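What follows is the residue order along each chain.
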Amino acid sequence: MAEAAGSGLPNGGESQRSRWKYLDNILNRRGPFTDPEWQPGEAVIEGLSRAKILGAGGLGCEILKNLALSGFKDIHVIDMDTIDVSNLNRQFLFRHADVGKYKAEVAAKFVEKRVKGVKITPYCGKIQDKDEDYYMQFAMIVCGLDSIEARRWINATLVGMVDDENPDSMKPLIDGGTEGFKGQARVIFPTMTSCIECQLDMHAPRAAVPLCTLATIPRQPQHCIEWAHIIAWEEERKEITLDTDDPEHITWLYQKALKRAQEFNIPGVTYSMTQGVVKNIIPAIASTNAIVAASCCNEAYKIATNTNPFLGFPETDNYMMYTGDESIYTYTFQHMKKPDCPVCGNLARPLQVNPNSTLHEFLESLAERPEAQLKKPTIRTEEKSLYYQFPPSLEEQTRPNLPKKLNELVSDGEEVAIDDPAFQVQFKYKLVFQK
Amino acid sequence: MADLPPPVQGPTAKEKKYDRQLRLWGATGQRALEESHILLINSGPGVVGLETLKNLVLPGIGSFTIQDSAVVSEADLGINFFLEEDHLGGFRAQHTCNLLKELNPDVQGNFITEPIETFLDQPNALKPYSLIIVAAPTRPELLSKLSVHATSSLVPLFYIHSVGFYSHFSVHVAPAFPIVDTHPNPETTTDLRLVSPWPELIQFTAEKTNGLEAMSNDDHGHVPYVCLLLHYLEEWKKEHGGQVPQNYKEKTAFRNIVSKAARTNLPEGVEENYDEAVAAVLKSLNPPEPSSAVKEVFKAKECLVLSEDTSSFWIIAHAIQMFYTKHNVLPLPGSVPDMKARSADYIQLQNVYKSKARKDLGEVLESVRYLEKNLKRDTVIPERDVEAFCKNAAHIKLVRGRPFHVVQAGESIKWDDRAKSIAQTLTFPDSLIPLYIAFLAFDEFVATHNKDGLRGAPKVPGETDPEADSEKVTGIAFKIIDDLLKEAGTFVEEPDYSDVKTQTGEFVQELVRAGGAELHNIAALTGGLVSQEIIKVITEQYIPVDNTCIFDGVKSKSAVIRV
Ligand SMILES: [Zn+2]
């Protein structure tokens, strides 16, 4: 943070503050809710322009615009995606001619050109490519990531970085997400407030349709599409890797699904539905993205300047839920930290299990548990390794445990540790046998 | 592969671009957007209105027009994303219009730099626009003119404030603004009519549950739960004088009967269809009673007294009300949720519901045609409109639009029929009504202060002397509170009265602190809210705000109030 980002740039000096006339009213004046200790003026303005901030994810366009016009001068952006034509209905920094280019690069260039004096550094890749040293340089991180995996990863990384000796190691994480007319904005002060892992069960995955329904008794058009996607493709086009962005592939699935639906007299299979089911498309509109991203950036601005109280201050609200389809409704509350959170807590979580189920069944069930959502779990007790996904040698050694019943492998009340390479999270469960 | 149907026409370029929103409001909603022409009357720092337009240009409204006589200043560049350095000294309307147009080549953009006073003086100045947005600060006489226009021409009017960490907007739609396509949550709105089954459903159930006890495990585990519930309901009725379970206690008892009838010790563990049946008991055994919102529509004078120029909504509503009077239920929507069942049985069950829905629709349609003939209407209501109404009859919504407050210098605010209810909620903890009152006081200040001379730009509180202005605006706000209590014929006891005054004073102080400045984040957030509401109003889908929304960016809280 010692690179003095503000001073070397144009328009950073006092003479150019006329541009920031509006912002300065807030930065230079106390309000009824500002801390009595807070000193408005020069130091706050200076701090804001020096704060290095990171934005990431699908809300990136909104976040970059908002941060740049909030007085942040040194903004970094991470996005692995390239621009798709279906982004253009909301991601306003991209034009038709940009389709196929990296989002981070196009967005950074656009905002740098539009808002003079702001420096935007793009990285086109995954947030998981970067290490703790990289994240250590930022004052805070604002993200609107699309995938729950990426969210859990950055959350665990930031919690892991906290060093009690070094107050600078605590990086506030401001997270926003949208789905259609709904969304949420939340602020996390790693280790101090409830984290994304603590809140995981608020975003439970949709229950999957059982395979036997797909295979033998489809009833809905979606069942026919899933059948084509999961079963027919494997049977008939195994040698081709399914690319859900390839229109030929979608057309093939659509036609397969349509034919199956006709056999069962099921109406309603369409191309658009096929695309939606196969790509797991979530509706997304400009207005909700604007609301949620701006709420996140408003919190970032308050945290950086102390111009007003912010969400996430310990013992206060840290979560705003938004619903816009039926009038406008927000619910702002304090989500409590969980002492048995696998990321920021240290207690093992009690879990009721059927002692007669197999280890394999138990591991499968972890994928659907709202608070776990693990896809490739590795499990061990204090004494022994029960099942390892990696490396292959260990996988082979532990594979014979999979068909064994839980009561053959662990005792009632025994603690197990479960890892998933995707999340840098270790779950500690205390397995309690159902009577 | 040879037996596949012929190749399909993929989505069009437009469908690809708008895919993520078409999944929400569909082709009809999109068409409505594309036919709209939105006017923004801009003023002040001018950000919130443009951020609103941004979220409307992106999804593809037909046209927009920006009226703004301001000239681009240095301060605009620090807050407005749709301006660049080269535009300094040029017209803000022109340059913001051009940069907004870049967002979507499908959208037409226009600008007017003429001052609002003379622009509004022209006859028919507002005629081209299907919806109008006004950003504060504005002169009360202008806002009044627009309000009168909204009332007389039924053009929706949005009035927005974005000041510092706070924002507000009010919506004035037609006095009868009905929505058919409200998009209710399908999981909570299933209507299976289990307490009043019709002959075909009874017969289908009898077939599917014939010899239930003797069925093989596989058959037993595939009886659709709708049939299971109807079957056990028949048995229950035999022992309860023909009555279905009436109260919570009886429903729980009935649920236990269903639950006990499930087979256990099966290799696959449990019977999913019985699980579904048990889970559905409490929510599916209520008689299908129309909601109060629907009854309100039936009782509305527009529904009771039809005339030649009654809109199709009320004619269909009248026909459905006739149906309801005759059958004591609404037309059947006809959809069936997914449930454990064999494919053929499920499709058959779906058809039983669909045929009944079609029959009900037929009856309603007949009434509609009869009414049309009697009223001598020259246009025929499309059958698909009647069908959509029947499908969603239980969830239609009627918004009673009304003018919002236009603060006039020296006149006290009138709350009319809302006075009592607003006065009551004024002292609720976390109430944002004091913030709304602070905005009214802000407008009163604007109405009584000019920058220079009589026809100068309006002066907003806190531009130069926040402390003195804060005191003035607080005084105005306190008077508004006292007038409100007086109009409501009530009073607030201590310490609540002092608390409300303290809260209001703090809201005013924070508002005045900004000196009329917008914060980009709050403008962007509010622009998101307003554009969302505009989309709902234009597409006549989902449920719009009725009629005022307040956002507090200090606490990150919002409230919707009807004023
Ligand atoms: Zn946690």
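Residues numbered from 1 in each chain as written. Chains lettered and ligands numbered in written order. Predicted model: local features only at pLDDT ≥ 70, side-chain atom pairs only at ≥ 80, totals over all residues. Heavy atoms only, no water.

The name recorded for chain B in an unreviewed UniProt entry is NEDD8-activating enzyme E1 regulatory subunit, from Zopfia rhizophila CBS 207.26. According to its UniProt record, chain B has this under Function (unreviewed entry): "Regulatory subunit of the dimeric UBA3-ULA1 E1 enzyme." The UniProt entry for chain B carries this comment under Sequence similarities (unreviewed entry): "Belongs to the ubiquitin-activating E1 family. ULA1 subfamily." (UniProt positions renumbered as here; feature names shortened; annotations may be inferred.)

Per an unreviewed UniProt entry, chain A carries the name NEDD8-activating enzyme E1 catalytic subunit and comes from Zopfia rhizophila CBS 207.26. The annotation that UniProt attaches to chain A under Sequence similarities (unreviewed entry) is "Belongs to the ubiquitin-activating E1 family. UBA3 subfamily."

(A) Local environment of the overall build of chain B. The secondary structure content of chain B amounts to 22 helices and 10 strands. Overall, chain B is about 90 × 70 × 55 Å in size when its C-alpha atoms are taken along their principal axes. The 563 residues of chain B split such that 57% are buried. Roughly 23,800 Å² of accessible area belongs to chain B as shown, and the carbon and sulfur atoms make up 52% of that amount. Charged side chains in chain B number 56 positive and 76 negative. The centres of these two groups are separated by 5 Å. (Helix = DSSP H or I, 4+ residues; strand = E, 2+ residues; numbered from the N terminus. Buried < 20%, exposed > 50% of the residue type's maximum accessible area, 1.4 Å probe, protein only. Areas by Shrake-Rupley, 256 points an atom, 1.4 Å probe, with all protein chains shown as cover. Lys, Arg positive; Asp, Glu negative; His and termini not counted. Charge placed at Lys NZ, Arg CZ, Asp CG, Glu CD.)

(B) Region of interest: unusual backbone geometry. Omega for the peptide link from Ala-136 of chain B to Pro-137 of chain B comes to 0°, which places this bond in the cis form. With respect to the helices and strands, the residue Pro-137 of chain B is situated in the loop between β4 (131-135) and α7 (140-153). In this chain, Glu-494 of chain B is followed by Pro-495 of chain B through a cis amide linkage whose omega measures 5°. Note on placement: Pro-495 of chain B falls in the loop between α20 (466-488) and α21 (496-513). The backbone phi angle of Thr-191 of chain A is positive, close to 75°, even though this residue is not glycine. On the secondary structure map, Thr-191 of chain A appears in the loop between β6 (182-188) and α7 (211-215). For Thr-191 of chain A, a relative accessible area of 31% gives the class partly exposed. Backbone geometry places Asp-416 of chain B, a non-glycine residue, at a positive phi of 50°. As for its placement among the helices and strands, Asp-416 of chain B is situated in the loop between β8 (397-399) and α18 (419-425).

(C) Representation of the pattern of salt bridges in the model. Applying the stated criterion across every chain yields a total of 54 salt bridges over all chains. With a closest N to O distance of 3.5 Å, Asp-340 of chain A and Arg-349 of chain A form a salt bridge. A salt bridge links Lys-17 of chain B to Asp-106 of chain B, with the shortest nitrogen-to-oxygen separation between them at 3.0 Å. One end of the pair, Lys-17 of chain B, is in helix α1 (residues 13-17); the other, Asp-106 of chain B, is in the loop between α5 (92-101) and β3 (108-112), with 89 residues separating them in the sequence. (Salt bridge = Lys/Arg side-chain N within 4 Å of Asp/Glu carboxyl O.)

(D) Region of interest: the coordination of the zinc ion. All names here are of chain A. Listed as protein donors to the zinc ion are Cys-195 (SG), Cys-198 (SG), Cys-341 (SG) and Cys-344 (SG); their distances from the metal cover 2.3 Å. For the zinc ion, the four donor atoms in the first shell make angles of 99 to 119° at the metal, a pattern classed as tetrahedral. Mapping the donors of the zinc ion onto the primary sequence gives the spacing C-x2-C-x142-C-x2-C. With Cys-195 in the loop between β6 and α7 and Cys-341 in the loop between β8 (329-333) and β9 (349-353), this residue pair connects regions lying 146 residues apart in the sequence. In terms of burial, Cys-195 and Cys-341 fall into one category: buried. (Donors = N, O, S within 2.8 Å, 3.2 Å for Na, K, Ca; no water. Tetrahedral: all angles 85-135°; square planar, octahedral: opposite > 155°, others 65-115°.)

(E) Just the confidence of the model for chain A, in detail. Residues at a pLDDT of 70 or more form 96% of chain A, whose mean pLDDT is 91. Low pLDDT, under 50, characterises residues 1-14 of chain A; the predicted model gives this stretch 20 contacts beyond four residues in sequence or across chains. (pLDDT = per-residue confidence, 0-100. Contact = heavy atoms within 4.5 Å.)

(F) Seen up close, the packing of aromatic side chains. Summed over the entire model, instances satisfying the criterion amount to 24 aromatic pairs over all chains. Look at Phe-92 of chain A and Phe-81 of chain B: their rings are 5.8 Å apart centre to centre, the planes differ by 90°, and that puts the pair in the edge-to-face class. One end of the pair, Phe-92 of chain A, is in the loop between β2 (74-78) and α4 (103-114); the other, Phe-81 of chain B, is in the loop between α4 (74-77) and α5, on a second chain. Comparing Phe-92 of chain A with Phe-81 of chain B, the two get one shared label, buried. Above the face of the Phe-92 of chain A ring, Lys-54 of chain B is positioned so that its terminal group lies 4.7 Å from the ring centre. (Phe/Tyr/Trp six-rings, centres within 6.5 Å; stacked < 30°, edge-to-face > 60°. Lys NZ or Arg CZ within 6 Å of the ring centre and 35° of its normal.)

(G) Main features of helix α6 (residues 148-161) of chain A. All names here are of chain A. In this model α6 runs 20 Å from its N-terminal to its C-terminal C-alpha over 14 residues, within 8% of the 20 Å that 1.5 Å per residue would give. Along α6, 11 of the 14 residues are buried, which leaves the element largely enclosed by surrounding structure. Turning to α6, the residues buried within the fold contact α5 (132-136), β4 (140-144), β5 (173-179), β6 and β13 (425-433). (Expected span 1.5 Å × (residues − 1).)

(H) Representation of the pairing of β4 of chain A in the model. Residues and elements named next belong to chain A. Judged by how many residues are buried, β4 sits mostly within the fold: five of five residues are covered. Of the two faces of β4, the one carrying Met-140, Val-142 and Gly-144 and the one carrying Ile-141 and Cys-143 are both buried. Of the pairings in the sheet, the one linking strand β1 (residues 52-57) to β4 comprises five bridges and is parallel in character. If you follow Ala-56 over to β4, its bridge partner there is Cys-143. (Pairing = 2+ DSSP bridges.)

(I) Inspection of the interface of chain B and chain A at higher detail. Counting residues at the interface gives 89 residues for chain B and 90 residues for chain A. Of the roughly 7,600 Å² buried at the junction of chain B and chain A (both faces included), carbon and sulfur atoms supply 59%. Taken as a group, Arg-20, Phe-81 and Arg-513 of chain B account for 12% of the area that chain B buries against chain A, more than any other trio of residues on that side. A per-element tally of the side of chain B that touches chain A places helix α22 (residues 520-539) of chain B first, with 11 residues. (Buried area = accessible area lost by both parts, 1.4 Å probe.)

(J) Structural context of the domain arrangement of chain A. Entries for chain A in the domain assignment read domain 1 (4-203 + 283-333), domain 2 (211-279) and domain 3 (349-433). Using only C-alpha atoms to locate each centre, domain 1 of chain A and domain 2 of chain A end up separated by 39 Å. (Domains from an automatic or database assignment.)

(K) Fine view of the sheet that holds strand β10 (residues 378-381) of chain A. All names here are of chain A. An order of β9-β13-β12-β10-β11 is seen for the five strands of this open sheet, with the pairing classed as mixed. Only two strands of the sheet have a single neighbouring strand rather than two, namely β9 and β11 (385-387). The sheet shows a mean angle of 35° between the axes of neighbouring strands, taken without regard to direction. (Axes fitted to C-alpha atoms, helices over the stretch in contact; angles between N-to-C directions.)

(L) A look at the nonpolar core. All names here are of chain B. The biggest cluster of nonpolar side chains holds 154 residues, and the ones touching the most others in it are Phe-169 and Trp-415. For this core, the leading source of residues is helix α19 (residues 433-448), giving 11 residues. Ignoring anything within four residues of it in the chain, the contact list for Trp-415 reads Arg-402, His-405, Ile-422, Tyr-436, Ile-437, Leu-440, Ile-480, Leu-484, Glu-487 and Val-563. (Core = buried A, V, L, I, M, F, W, Y, C linked by side-chain atoms within 4.5 Å.)

(M) Seen up close, the side chain of Ser-470 of chain B. Its location among the elements puts Ser-470 of chain B in helix α20. With near-sequence residues (within four places) excluded, Ser-470 of chain B lies in contact with Val-508, Gln-509 and Val-512 of chain B.

(N) Inspection of the packing of helix α8 (residues 199-208) of chain B against helix α16 (residues 343-375) of chain B at higher detail. All names here are of chain B. Packing of α8 against α16 brings their axes to within 9 Å, and their N-to-C directions diverge by 165°. Relative to α16, α8 is oriented roughly antiparallel. Where α8 crosses over α16, the two elements pack in a sense that is left-handed. Seen from α8, the contacting residues are Glu-200, Leu-201, Phe-204, Glu-207 and Lys-208; seen from α16, they are Asp-345, Gln-348, Leu-349, Val-352 and Tyr-353. Residues belonging to the contact of α8 with α16 are distributed by class as follows: five nonpolar, one polar and four charged. (Parallel < 35°, antiparallel > 145°, perpendicular 65-115°, else oblique. Left-handed = near helix turned anticlockwise from the far one by under 90°. Nonpolar A, V, L, I, M, F, W, Y, C, P; charged D, E, K, R; others polar.)

(O) How the structure looks around the sheet that holds β3 of chain B. All names here are of chain B. Reading across from one edge, β3-β2-β1-β4-β5-β6-β9-β10 is the order of the eight strands in this open sheet, with mixed pairing throughout. Of all strands in the sheet, those with a lone pairing partner are β3 and β10 (557-561), marking the two edges. Taken over all neighbouring pairs, the strand axes of this sheet differ in orientation by 15° on average, direction set aside. Here five bridges tie strand β6 (residues 166-172) to strand β9 (residues 548-552), and the two strands are oriented antiparallel to one another. Across the sheet, the residue bridging to Tyr-166 is Asp-552, located in β9. α22 rests against β1 (37-41), β4, β5 (157-163), β6 and β9 of the sheet, and its axis sits at about 170° to β5.

(P) A negative patch on the surface, seen in detail. Together, Glu-493, Glu-494, Asp-496 and Asp-499 of chain B line one region of the surface with negative charge. Here Glu-494 of chain B is to be found in the loop between α20 and α21. (Patch = residues over 30% accessible without salt bridge, like charges linked within 9 Å, V, L, I, M, F, W, Y side chains within 5 Å.)

(Q) Fine view of the confidence of the model for chain B. Overall, the prediction assigns chain B a mean pLDDT of 94, with 98% of residues at 70 or greater. Our summary of model confidence lists the complex with pTM equal to 0.92 and ipTM equal to 0.95.

(R) Focus on the UniProt feature "domain: E2 binding" (unreviewed entry) in chain A. Within the UniProt annotation, "domain: E2 binding" (unreviewed entry) is assigned to residues 351-434 of chain A. Helix makes up 25% of residues 351-434 of chain A and strand 30%, and the two end C-alpha atoms of the span are 10 Å apart.

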